[in-house]
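Given next are the chains, with one letter for each unit.
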Amino acid sequence: MDKKKFGKVTLMEKLIYGSGDVGLNIMFTIFSSYIMYFYTDVVMVNAAIIGTVILVSRIFDGVSDLIAGRWIDTHSGKWGHCMTVIVKWSIPLAISLLLLFTVPDASIGIRVAYIFITYNLFNTVLATFVGIAHSALPTYVTDDPLHRSQMMVFKMLFAAIAQTAMASAIMPMVNFFGGEASRMAWVKSVAVFAVIGLFFLALNVIFVHERVEVPAKLNQESFWASLKIAVTNKYWIICLVFNLCINIVLYLNMSISIYYLRVVEGNMGLMGAFIAACNMPGIVIMLIVPAMLKKYSKQSMALGGTLLMVLGQIAFLFVPAGNVNGLLITAVIRGIGFSFPMALTRAMIADTVDYGEWKSGTRVQTMLFSANSLSIKIGQGLLTSLFGFIIAAMGYDGALAVQPDSAVSGINIFFRWGPFIFYAGLLIASILFDLEKKLPDIRKELTERRGTLEQ
């Protein structure tokens, strides 16, 4: 297939690519934000057991990330490297999401086994392949760093839109179909959103085209050699820390906040307003980040955004439980700051692809995305498991209408003070990421090398 026949990357193609994250995040937000709550408070499985299941599953999930990344880099079908995976695996992904919420009303052993199997089918296999393929797609669409970065920013913009919309829509939908205590209400709601998600992924299949074909000589390393190239890329290590921290902060907002709002604030109905406060400022800011990339470095924007998050979190420490205005105002401040590193996270990884090829002579673009995804998933798995163990040890029981004071206190402390650890990681990573100033010379040399290889 002649990749060049599709011409240059237009603004419309960039926007449609970004909208693919609506499809992915509709599914992933249901999974990441509500699945633990569904298991503990609807299916009534102990939080420590769920924490263990998730921790063990993350190990398998990490291995699958590496396999997916290498497989996509070395296999190409009718639609290209990444798009072929999206075409073939999106419908099975939607079906597997539905299976997550069909836990049988059986013994605890059967329920836990079913949870383990369906959790890994969705997250370890299908979401891994489709998610990594979509994340790496811009590196196969264009070789231009600016256009590639803009595509990545649009992806994060639409992710924020989807997360905000889902936070406000999922519980009303569940209540419409019968209420949060009804398992069938969850199944019907998930089915509706899964179909919507498939629509946006279909738009990507129709309108986004792969143009970049990496010379075969640049991608002949073995799996383990490719992995070594990825993990010895110093800027990838910096992005690893950066992405790990930003995704854990996101997870705190999207999942742990459910417990904080329900137990500490006593009002889970605030979930939609809280997520909107966290994400709406970012949606506005992400609209202008693609233009800002022409003037400001990713490093300066990420650093400034992180400092604003720190200030917002410090202010939140002084907001007492029950002060809804204070909760939402500090969430807006953190949301404004969060939007910058979140918008840039995948664009920064894309830059490390060029650096890795320049340093090693081998281009392992999807492996870089998958190896980074591995670290993020393990980190989130550890956080989820740790949180599950903590609240279980403090007496949290999803069947109780009123939780013991020890559980309320533990969740409150975890939600207020935990983010500071990850803000520190973001600050360090932002300071160390000085790759952009080196990219022009690196890309010039890469162009010369590729010309020699193609002769």
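The coordinates are above.
Residues numbered from 1 in each chain as written. Predicted model: local features only at pLDDT ≥ 70, side-chain atom pairs only at ≥ 80, totals over all residues. Heavy atoms only, no water.

K.L.:
Describe the overall build of the protein chain, with residues and values.
P.N.:
Counting its regular elements, the protein chain contains 15 helices and zero strands. Along the longest, intermediate and shortest principal axes, the C-alpha atoms of the protein chain span 70 × 45 × 35 Å. The buried share of the protein chain, taken over its 455 residues, is 58%. In the protein chain, the share of contacts with a sequence separation of at least 24, taken over all contacts with a separation of at least 6, comes to 84%. About 17,200 Å² of surface is accessible on the protein chain, with carbon and sulfur atoms providing 70% of the total. Across the protein chain, the centroid of the 34 positively charged side chains sits 3 Å from that of the 26 negatively charged ones. (Helix = DSSP H or I, 4+ residues; strand = E, 2+ residues; numbered from the N terminus. Buried < 20%, exposed > 50% of the residue type's maximum accessible area, 1.4 Å probe, protein only. Contact = heavy atoms within 4.5 Å. Areas by Shrake-Rupley, 256 points an atom, 1.4 Å probe, with all protein chains shown as cover. Lys, Arg positive; Asp, Glu negative; His and termini not counted. Charge placed at Lys NZ, Arg CZ, Asp CG, Glu CD.)

K.L.:
Please give an account of empty space enclosed by the protein that cites residues and values.
P.N.:
If a probe as big as a water molecule is rolled over the atoms, it shows which places are left empty. Applying the stated rule across the entire model yields four cavities of 30 Å³ or more. For the second largest cavity, the lining is made up of 15 residues, of which V249, N253, Q313, R334 and Y423 are closest to its centre. Those elements that provide at least two residues to the lining of the second largest cavity are helix 8 (234-264), helix 9 (271-292), helix 10 (298-317), helix 11 (324-360) and helix 14 (419-432). At four residues, helix 11 tops the list of elements feeding residues into the lining of the second largest cavity. Tallied by class, the residues present in the lining of the second largest cavity amount to 10 nonpolar, four polar and one charged. (1 Å grid on protein atoms, 1.4 Å probe; cavity = no way out; pocket = protein on both sides within 12 Å on 5 of 7 lines; lining within 4 Å. Points joined across faces, edges and corners; volume = space filled by probe spheres on them. Nonpolar A, V, L, I, M, F, W, Y, C, P; charged D, E, K, R; others polar.)

K.L.:
Tell me what's going on with the packing of aromatic side chains, and back it up with residues and numbers.
P.N.:
Enumeration according to the criterion identifies 22 aromatic pairs in this entry. Between the aromatic rings of Y235 and Y355, the centroid separation amounts to 4.9 Å while the plane-to-plane angle is 90 degrees, which identifies the pairing as edge-to-face. Of this pair, Y235 sits in helix 8 while Y355 sits in helix 11, placing them 120 residues apart in sequence. We classify Y235 as buried; its relative accessible area is 1%. Taken together, the aromatic side chains of Y34, F38, Y39, F101 and W186 make up a single cluster linked through ring pairs. The ring of F316 carries the charged tip of R334 above its face, separated from the ring centre by 5.0 Å. The aromatic ring of F316 is capped on one face by R416, whose charged end is 4.5 Å from the ring centroid. (Phe/Tyr/Trp six-rings, centres within 6.5 Å; stacked < 30°, edge-to-face > 60°. Lys NZ or Arg CZ within 6 Å of the ring centre and 35° of its normal.)

K.L.:
Quick rundown of helix 14? Include the residues and the values.
P.N.:
An ideal rise of 1.5 Å per residue puts 20 Å on 14 residues; helix 14 measures up with 20 Å between its terminal C-alpha atoms. P419, F422, Y423, G425, L426, A429 and S430 are the residues of helix 14 that are buried. Each buried residue of helix 14 sits inside an arc of 160 degrees when the element is viewed along its axis, so together they form one side. In helix 14, the exposed residues that point more than 90 degrees away from the buried face are I421, I428 and I431. Here the buried face of helix 14 lies against helix 8, helix 10, helix 11 and helix 13 (405-417). (Expected span 1.5 Å × (residues − 1). Arc of directions from axis to C-beta.)

K.L.:
Explain the nonpolar core residue by residue, including any values.
P.N.:
F38, Y39, L97, L100, F101, W186 and I411 are the most contacted members of the largest nonpolar core, which has 148 residues in total. Of the residues forming this core, the biggest block, 21 residues, is contributed by helix 8. Each residue touching F101, except ones within four places of it in the same chain, is listed here: I30, I35, F38, R183, W186, V187 and V190. (Core = buried A, V, L, I, M, F, W, Y, C linked by side-chain atoms within 4.5 Å.)

K.L.:
I'd like to hear about unusual backbone geometry, residue by residue, with values.
P.N.:
A negative phi holds for most residues other than glycine; trans holds for most peptide bonds. Of note, M44 is a non-glycine position whose phi angle comes to about 65 degrees, a positive value. Inspection of the secondary structure puts M44 in the loop between helix 1 (11-42) and helix 2 (47-74).

K.L.:
Could you give an account of the packing of helix 5 (residues 145-176) against helix 9, naming the residues involved and the relevant values?
P.N.:
Closest axis-to-axis distance for the helix 5/helix 9 pair is 8 Å, and the angle between their directions is 160 degrees. One finds that helix 5 runs roughly antiparallel with respect to helix 9. For the pair helix 5 and helix 9, the crossing hand works out as left-handed. Along its contact with helix 5, which presents Q150, V153, F154, M156, L157, A160, I161, Q163, T164, A167 and S168, the element helix 9 presents M271, G272, I275, A276, N279, M280, I283, M286, L287, V289 and P290. (Axes fitted to C-alpha atoms, helices over the stretch in contact; angles between N-to-C directions. Parallel < 35°, antiparallel > 145°, perpendicular 65-115°, else oblique. Left-handed = near helix turned anticlockwise from the far one by under 90°.)

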